[in-house]
Amino acid sequence: MPTDPTTTRPAIKILGIESSCDETAAAVVVNGRTILSSVVASQIDIHRKYGGVVPELASREHLRQIVPVVREAMAEAGLRFEELDAIGVTQGPGLVGSLLVGITYGKTLAHALGKPLLAVNHLEGHVRAAFLQAYQSGEEPKLPAVCLIVSGGHTVLYEVKLKGEQDAAINHDAGAPFVYRKLGGTRDDAAGEAYDKVSKLLGLGYPGGPILDRLAAAAGSARAPVKFGPTKTRGNALDFSFSGLKTAVLYHVREHPEYIAEIRKREDAVAAGHCTFEELLPLCSESSLGLIREFQNAVVRDLVERTILGAKQCNVETVLVSGGVAANSQLRKRFTEEAQSRGLKVYFPSRGLSTDNAAMIAAAAYAEFATGRLAHLDLNAKASMPLEAPKT
Ligand code: KG4
Ligand code: ZN
């Protein structure tokens, strides 16, 4: 049996399958560390005209994509199915109809090949993505840590520890199981959802994050037509809330009819398929750019401040940031600056590993494999699925 060069253990090759939302993805990862392949088929073009993910269309598209995507991942890895050691699938949380496509395919493959099936929590996948990225650059994030998962469906802050190791800040194996304590989460919209909704109301299309990120950067010192103060959340200071901010943007736009004409122009451009940054920037007034920059400042400030407070409360030195919004350039910049000034170490996945992908699922599946937690053929999809909490 071949061995993993970074350890002396045998090389366990896991095929990961992800289909929880609007990306069909497959990847092969060795020992939760080395990415042999990672293929993602995005459905953005299909959902764009509806301004968000349409669940029925998503499941249908997963059905169309799953076979070619898995084949491509195997070909890129240079492996035959028989050479795999296990199949890992996302069990939840997510859209049940979408999850079922990946689960059914994974079960069938595992059964036909006589290989173990492993069930993965999508959120654990996002946590493992930060580790996976660190391993690619030869780094070993220390635990305990706090992890902010910030995407279109989730904005949640966890304390992450090694299972059975209460507070040892030690190096660990990529297959070591984690336990999670939820420190806070959004009370309404996820941060990515707020990006998507604000983008829609400004006529900038779906998904909102990437385009607003670039337009905010292009705003430079454009005059701020409005300022958004810090969001107050009563009770838990580590909870998030973004719907008030989204509504504040909406009210600002409604109170200023001068935005109407440019919003219509952008909506027409997006509907005609002209939705790149280069095509939309000339259709944005200075006020729109200033508004977008202020919106992003408010989201980023909130995410960074509460996460750093969580790290302080838990007395940890490591901060992990993952999920689609972790691709945001200003969020990465602010986290890096804050972490540096406070002696914290912050880890982000690359942009490709931040948004939904299957390499993170294969990496999380390795921890299931290493701890002998195999799934059965009666595995079912779960729309909501908490991460494993420590035993008290
Ligand atoms: O993790 P992900 O691919 O799917 C979910 O699990 O939700 O995240 C998608 C979300 C979308 O809301 C998208 O607008 C947001 O991540 N996003 C961004 C950026 N890139 C993607 N938000 C802010 N800045 C970005 N650069
Ligand atoms: Zn996700």
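Engineer: A description of the overall build of the chain should follow, citing residues and the corresponding values.
Structural biologist: Assigned secondary structure in the chain consists of 13 helices and ten strands. Here the C-alpha atoms of the chain give a radius of gyration of 21 Å, agreeing with the 21 Å that 2.2 N^0.38 yields for 392 residues. Here the chain holds 392 residues, and the buried ones make up 55% of them. Looking at the chain alone, contacts between residues at least 24 apart form 75% of all its contacts between residues at least 6 apart. A distance of 3 Å separates the average location of the 43 positive side-chain charges in the chain from that of its 43 negative side-chain charges.

Engineer: I'd like a rundown of helix α8 (residues 260-271), residues and numbers included.
Structural biologist: Counted at 1.5 Å a residue, the expected span for α8 with its twelve residues is 16 Å, and the 16 Å between its end C-alpha atoms agrees. Along α8, the residues that are buried comprise Glu262, Ile263, Arg266, Ala269 and Val270. Summarising the axial view, the buried residues of α8 lie within an arc of 125°, below the 170-degree limit, and thus occupy one face. Those residues of α8 that are exposed and aimed more than 90 degrees away from the buried face are Ala261, Lys265, Asp268 and Ala271. Considering only its buried residues, α8 is in contact with α1 (44-48), α5 (191-201), α7 (243-255), α9 (277-280) and α10 (286-314). Looking one or two residues beyond α8, the residue adopting positive phi is Gly273, at roughly 90°.

Engineer: Now, about the site of ligand 1: what can you tell me, with residues and values included?
Structural biologist: Not every one of the 21 residues close to ligand 1 is listed here, only the nearest: Gly152, Asp196, Gly209, Asp213 and Gly324. The separation between an oxygen atom of ligand 1 and a polar main-chain atom of Gly324 is 3.0 Å. Within the backbone of Asp356, a nitrogen or oxygen atom sits 3.1 Å from an oxygen atom of ligand 1. Contact with the protein chains covers 90% of the free accessible surface of ligand 1, which is 560 Å². Among the elements that line the shell around ligand 1, the one with the most residues is helix α6 (residues 208-218), at four residues.

Engineer: Before we move on, could you go through the side chain of Ser241 and cite the residues and values that matter?
Structural biologist: Tracing the backbone shows Ser241 in the loop between α6 and α7. On the basis of relative accessibility, which here comes to 14%, the residue Ser241 falls in the buried class. Here Asp188 takes part through its side chain, which lies 2.7 Å from a polar atom of the side chain of Ser241. Apart from residues lying up to four places away in sequence, Ser241 is in contact with Thr186, Asp188, Thr231, Thr233 and Asp302.

Engineer: Describe the pairing of strand β1 (residues 13-18), naming the residues involved and giving the relevant values.
Structural biologist: When a strand is regular, its side chains alternate between the sheet's two faces. With six of its six residues buried, β1 lies for the most part within the structure. Side-chain alternation along β1 places Lys13, Leu15 and Ile17 on one buried face and Ile14, Gly16 and Glu18 on a second face that is also buried. Where β1 hands over to strand β2 (residues 23-30), the hairpin turn is made up of four residues, counted between the paired strands. One ladder, built from four bridges, connects β1 with strand β4 (residues 86-92); its direction is parallel.

Engineer: Run through the nonpolar core, naming residues and quoting values.
Structural biologist: Counting residues in each nonpolar core, the largest one holds 54 residues, and the members touching the most others are Leu204, Phe295, Leu303, Val321 and Phe335. Counting residues per element, this core draws most heavily on α10, at twelve residues. If sequence neighbours within four positions are ignored, Phe295 has contacts with Ala194, Tyr195, Val198, Leu212, Phe228, Leu245 and Val249. Among the nonpolar cores identified, the runner-up in size contains 41 residues, and Phe131, Ala145, Tyr158 and Ala174 belong to it.

Engineer: Report on the coordination of the zinc ion (ligand 2), specifying residues and quantitative values.
Structural biologist: Looking at the zinc ion (ligand 2), the protein donor atoms are His122 (NE2), His126 (NE2) and Asp356 (OD), and they sit 2.1 to 2.2 Å from it. If you list the donors of the zinc ion (ligand 2) from N- to C-terminus, the spacing comes out as H-x3-H-x229-D. On the criterion of sequence distance, the pair formed by His122 in helix α4 (residues 122-136) and Asp356 in the loop between α12 (351-354) and α13 (359-370) is long-range, its members being 234 residues apart.

Engineer: Describe the sheet that holds strand β3 (residues 34-42), and please don't skip the residues or the numbers.
Structural biologist: Taken in spatial order, the five strands of this open sheet run β3-β2-β1-β4-β5, and their pairing is mixed. Each end of this open sheet is capped by a strand with a single partner; those strands are β3 and β5 (117-121). Looking at each pair of strands side by side, their axes are set apart by 20° on average, direction ignored. One ladder, built from six bridges, connects β1 with β2; its direction is antiparallel. The residue bridging Lys13 from the neighbouring strand is Val30, located in β2. The strands touched by helix α2 (residues 55-77) are β1, β2 and β3; relative to β2, the strand with the most contacts, the crossing angle is about 25°. Across the sheet, α4 is in contact with β1, β2, β3, β4 and β5; its angle to β5 comes to roughly 95°.

The rules behind the values
- Residues numbered from 1 in each chain as written.
- Chains lettered and ligands numbered in written order.
- Predicted model: local features only at pLDDT ≥ 70, side-chain atom pairs only at ≥ 80, totals over all residues.
- Heavy atoms only, no water.
- Helix = DSSP H or I, 4+ residues; strand = E, 2+ residues; numbered from the N terminus.
- Rg over C-alpha atoms; globule rule 2.2 N^0.38 Å.
- Buried < 20%, exposed > 50% of the residue type's maximum accessible area, 1.4 Å probe, protein only.
- Contact = heavy atoms within 4.5 Å.
- Lys, Arg positive; Asp, Glu negative; His and termini not counted.
- Charge placed at Lys NZ, Arg CZ, Asp CG, Glu CD.
- Expected span 1.5 Å × (residues − 1).
- Arc of directions from axis to C-beta.
- Near = heavy atom within 4 Å.
- Polar contact = N/O pair within 3.5 Å; in protein donor to acceptor, adjacent residues only side chain to side chain.
- Areas by Shrake-Rupley, 256 points an atom, 1.4 Å probe, with all protein chains shown as cover.
- Pairing = 2+ DSSP bridges.
- Core = buried A, V, L, I, M, F, W, Y, C linked by side-chain atoms within 4.5 Å.
- Donors = N, O, S within 2.8 Å, 3.2 Å for Na, K, Ca; no water.
- Axes fitted to C-alpha atoms, helices over the stretch in contact; angles between N-to-C directions.

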